[in-house]
Amino acid sequence: MSQAVGINFKKSIIDTIVAGFLALILFGPIVGVLLDGYEFETGFGRVAWMVAVVMAGRFVMSCFFQTEKGIAMAFRYANSDDGATVLAPGHKSKMVWIIPLVIVIGLLVPFIASKYILTVIILGLIYVLLGLGLNIVVGLAGLLDLGFVGFYAIGAYGLALGYENLGLGFWSMLPIAAILAAVAGAILGFPVLRMHGDYLAIVTLGFGEIIRLVLTNWASFTHGPNGVSAPLPTFFGLEFKRRSKDGETFHEFFNIPYDSAYKYMFIYLVLFAVVWAVLFIKHRLVKMPIGRAWEALREDEIACRSLGLNHVLVKLSAFMLGASTGGLAGVFFATYQGFVNPSSFTFFESALILAIVVLGGMGSTLGVVIAAFCLTVLPEMLREFAEYRVLMFGILMVVMMIWKPRGIVRVTRTGFTARKGAVK
Amino acid sequence: MDIVLQQLVNGLTLGSVYGLIAIGYTMVYGIIGMINFAHGDVYMVSAYITAIAIALLTFFGIESFPIIIIGTLFLTVAVTGAYGWVIERIAYRPLRNSSRLSVLISAIGMSLILQNYVQLSQGANQQGVPTLLTGAIRFTVGDGFVQITYMKLLILFISLLGMGVLTYVIQKTKLGRMCRATQQDRKMASILGIDTDKVISTVFVIGAMMAALAGVLITLDYGAFDFYVGFIIGIKAFTAAVLGGIGSLPGAMLGGLILGLSEALFAGLISSDYKDVFSFSLLVLILVIRPSGLLGKPEVEKV
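Calculation notes
- Residues numbered from 1 in each chain as written.
- Chains lettered and ligands numbered in written order.
- Predicted model: local features only at pLDDT ≥ 70, side-chain atom pairs only at ≥ 80, totals over all residues.
- Heavy atoms only, no water.
- Helix = DSSP H or I, 4+ residues; strand = E, 2+ residues; numbered from the N terminus.
- Buried < 20%, exposed > 50% of the residue type's maximum accessible area, 1.4 Å probe, protein only.
- Areas by Shrake-Rupley, 256 points an atom, 1.4 Å probe, with all protein chains shown as cover.
- Salt bridge = Lys/Arg side-chain N within 4 Å of Asp/Glu carboxyl O.
- Contact = heavy atoms within 4.5 Å.
- Buried area = accessible area lost by both parts, 1.4 Å probe.
- Polar contact = N/O pair within 3.5 Å; in protein donor to acceptor, adjacent residues only side chain to side chain.
- Nonpolar A, V, L, I, M, F, W, Y, C, P; charged D, E, K, R; others polar.
- 1 Å grid on protein atoms, 1.4 Å probe; cavity = no way out; pocket = protein on both sides within 12 Å on 5 of 7 lines; lining within 4 Å.
- Points joined across faces, edges and corners; volume = space filled by probe spheres on them.
- Core = buried A, V, L, I, M, F, W, Y, C linked by side-chain atoms within 4.5 Å.
- Pairing = 2+ DSSP bridges.
- Phe/Tyr/Trp six-rings, centres within 6.5 Å; stacked < 30°, edge-to-face > 60°.
- Axes fitted to C-alpha atoms, helices over the stretch in contact; angles between N-to-C directions.
- Parallel < 35°, antiparallel > 145°, perpendicular 65-115°, else oblique.
- Left-handed = near helix turned anticlockwise from the far one by under 90°.

Draft legend 1. Quick look at the overall build of chain A. Regarding its fold elements, chain A presents 17 helices and eight strands. Buried positions account for 49% of the 424 residues belonging to chain A. A total accessible area of about 21,000 Å² is found for chain A, and carbon and sulfur atoms account for 68% of it.

Here is the structure:
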């Protein structure tokens, strides 16, 4: 770029004035006039602040993008990089050392952490599971599913209603919920196979909403908005209660004093094991033909079909696997809360899981795990900013798509070379 | 019999409003081939601005109904139009050449931003507007009667007027020609000297203005709203757009009317608890059976 670079202040000032004017229109009514019944209060001070911030920001940005550095940066973002980093064929992953370390630390957590921190970490792990499930559907197969919360709800309500009506416990429900959710995934997947992109997103969104509305309105079965209580997990038939109606409880059997944290420790450990199992399975699947087929389908469906890939099977398998992971997460959520009601399964929850996948990097397992913890544990720790949580998610999603559409952690994969002596 | 007729009247007004919002989806889809996910929330913003405009106008001592309604319409449409422009500028324009998935996710982000922005500044409680227009025409039918409130007549009148003006603009004016040309082939249109970026912005503004029109009408009729109303009504309007054939203007209006009528009949005759389930199921069904809708052209996949 050899063109003369100089800041055109006139242009910047015009930009600033336009931005300020627009900010005034956008913020003026909604922030400046606060409805209070049919009356209103005014808050023009805040509007003035916001407009000033927008104008200052716009001025700085406008000037910056006229400098040499700014032009270079805009150029880089306009051509943001895509795809995966291919490692050298002989690359040895550092994960070999890190994974056992993480497992050991993870196993020690419940004995060190306080009960509150433990519950927060459990929540984080549940979202890791959800993120991993959605990552298969969105990140790997490229099918935008906005109704993922529906499978989550199937798992959670499966446990609560299965216990109430059929007497099924946590352990029997864990596999059943995964199967139930997978079946629901297939039922949803079949009709929508022909769709992709936006249509698929809307249909899955409708599916999630239908499940929520049915849970809310079918009061005779689901108890409507009041919710259903869910059973706690048991340790070889031993309950984690202070007293049990039938048989011994966990602390009586081992002759240790009662502590309400035991049940969270137990849930944590089981969840920890399940998350590792899912991580392992996913890690292998991605390297297998089916995983490669998902990714190929994400990149170009028509090319894949013309190369003889059975797109029905590929899409359905992604839907079903993703859904079953969501179902598992639902069971853990229900048993962790001890109670489920429809308000836990709104569209916002789907959007949150999507934000995890998007932030973590489409298809990147490590990224999803990190993002799940960032998006669930951080807001818990920063309670005073909790009301800005949704706003932050929204901004994050827009900014990430503009800045790094493939997420923070780039997908890496090992390269291949011909075996020695195979081809000359 | 009177229930059916009454629900038909209700469905007609509801449907015309769905049609108005569906125009926003259909025009944006036609021109850049994506669903403007934040469109329902634009409607929600317009509901708030309606209430604010009414509160401001009454504060300045204006009592006569025609002036209030015209003032509210003007203010809401203008402000919401600005929202449409800014949304396109922030969430869509930087992603013009990205994959469709990225654009859709950015749109969902925008929708969350709008919802939370309104919730943070106006509070999560339900808000309301005073009833401004009362009275109704009643017909005796059999044992019961059917009533058409003046408000419903006004809704029908204004939404038909809005659709008429829009159809005229798209069919007859230079702006409309530019829109249609861009819709047909964006690259070619821009080679022939049409500023397609500007056209896309304009389409977003028009869509937002139509949603604003609907926002004013529904808010005045129904009276209560909160920051979450955009979600459900957004999906329903999208259903209407798909039903009529997304990308087609008359399709949006037709789809809106059919959806409104069938939903009102379902609510009146079968169950009002499940009327949203009905609309969503209808959406799934249309997309599975006839994704191109009633008046739409089948989409050709380009390799």
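And the narrative resumes.
Draft legend 2. Broad picture of the pattern of salt bridges. Under the definition given, this model contains eight salt bridges over all chains. Residue Glu209 of chain A pairs with Arg212 of chain A through a salt bridge whose shortest N-O separation is 2.9 Å. With Glu209 of chain A and Arg212 of chain A both in helix α8 (residues 198-217) and three residues apart, this pair spans about one turn of that helix. Salt-bridge contacts for Asp221 of chain B lead to Lys152 of chain B; the nearest nitrogen and oxygen are separated by 3.4 Å. One end of the pair, Asp221 of chain B, is in helix α8 (residues 196-222); the other, Lys152 of chain B, is in helix α5 (residues 150-172), with 69 residues separating them in the sequence. For Asp221 of chain B, a relative accessible area of 32% translates into the label partly exposed. Put simply, Glu88, Arg93, Arg96 and Asp197 of chain B are held in one network by salt bridges that share partners.

Draft legend 3. Focus on the interface of chain B and chain A. Of the residues lining the interface, 65 residues belong to chain B; the matching set on chain A comes to 55 residues. Note on chain B versus chain A: buried area summed over both sides is about 5,400 Å², and carbon and sulfur give 78% of it. Summed over the three residues of chain B that lose the most area to chain A, namely Leu101, Ile105 and Leu112 of chain B, the buried surface amounts to 11% of that side. Linking chain B with chain A are zero salt bridges, by the criterion used here. On inspection of chain B and its partner chain A, the count reaches two residue pairs in polar contact (both at pLDDT 80 or more). Those elements giving two or more residues to the side of chain B that touches chain A turn out to be α2 (39-59), α3 (65-92), α4 (100-122), β1 (127-128), α9 (229-244) and α11 (275-289) of chain B. For the side of chain B that touches chain A, the leading source of residues is α4 of chain B, giving 17 residues. By residue class, the composition of the side of chain B that touches chain A is 50 nonpolar, 10 polar and five charged.

Draft legend 4. Seen up close, empty space enclosed by the protein. All names here are of chain B. What the rule picks out here adds up to three cavities of 30 Å³ or more. Considering only enclosed or pocket space, the largest cavity measures out at about 110 Å³ in volume. Taken together, 14 residues line the largest cavity, and the ones lying closest to its centre are Tyr25, Phe37, Phe231, Gly234 and Ile235. In terms of residue count, the dominant contributor to the lining of the largest cavity is α9 (four residues).

Draft legend 5. Focus on the nonpolar core. Counting residues in hydrophobic clusters, the biggest one holds 219 residues, and the most contacted among them are Ile126, Phe332 and Leu354 of chain A. With residues up to four places along the chain from it excluded, the contact list for Phe332 of chain A reads Ile126, Leu129, Phe170, Leu174, Ile267, Val270, Leu271 and Val274 of chain A.

Draft legend 6. Quick peek at the pairing of strand β3 (residues 144-149) of chain B. Along β3 of chain B, the buried face is formed by Gly144, Val146 and Ile148 of chain B; none of Phe145, Gln147 and Thr149 of chain B, which line the opposite face, is buried. Hairpin connection, strand β2 (residues 136-141) of chain B to β3 of chain B: the antiparallel pair is bridged by two residues, and Gly142 of chain B has positive phi, about 60°.

Draft legend 7. Structural detail: the side chain of His39 of chain B. Residue and element names in this part refer to chain B. Position of His39 among the secondary structure elements: in helix α2. A distance of 3.0 Å separates a polar side-chain atom of His39 from the backbone oxygen of Ile21. Setting aside its immediate chain neighbours within four residues, His39 contacts Ile21, Gly24, Tyr25, Gly207, Ala208 and Ala211.

Draft legend 8. Spatial organisation of the environment of Leu261 of chain B. Residues and elements named next belong to chain B. Following the sequence through the fold, Leu261 ends up in helix α10 (residues 249-269). By relative accessible area, which is 24% here, Leu261 ends up partly exposed. When the C-alpha positions of Leu261 and Gly11 are compared, they lie 4.1 Å apart, and in sequence the two are 250 residues distant. Residue contacts for Leu261: discarding those within four places in its chain leaves Leu8, Gly11 and Leu12.

Draft legend 9. Inspection of the packing of aromatic side chains at higher detail. Enumeration according to the criterion identifies 22 aromatic pairs over all chains in this entry. Taking 5.4 Å as the distance between ring centres and 80° as the angle between the ring planes, the aromatic pair formed by Tyr152 of chain A and Phe345 of chain A counts as edge-to-face. Of this pair, Tyr152 of chain A sits in helix α6 (residues 148-166) while Phe345 of chain A is found in the loop between β7 (339-340) and α15 (347-360), placing the two residues 193 residues apart along the sequence. Residue Tyr152 of chain A shares its accessibility class with Phe345 of chain A, and that shared class is buried. Ring geometry for Phe347 of chain A against Phe231 of chain B: centres 5.0 Å apart, planes inclined by 25°, an arrangement best described as stacked.

Draft legend 10. A look at the packing of α2 of chain B against α8 of chain B. All names here are of chain B. Packing of α2 against α8 brings their axes to within 8 Å, and their N-to-C directions diverge by 55°. When the axis of α2 is compared with that of α8, the two are oblique. The handedness of the crossing between α2 and α8 is right-handed. Between α2 and α8, the residues in contact are His39, Val42, Tyr43, Ser46, Ala47, Thr50 and Ile54 and Gly207, Ala208, Ala211, Ala212, Ala214, Gly215, Val216, Ile218, Thr219 and Leu220, respectively. Across the contact of α2 with α8, the residue classes break down as 11 nonpolar, six polar and no charged.

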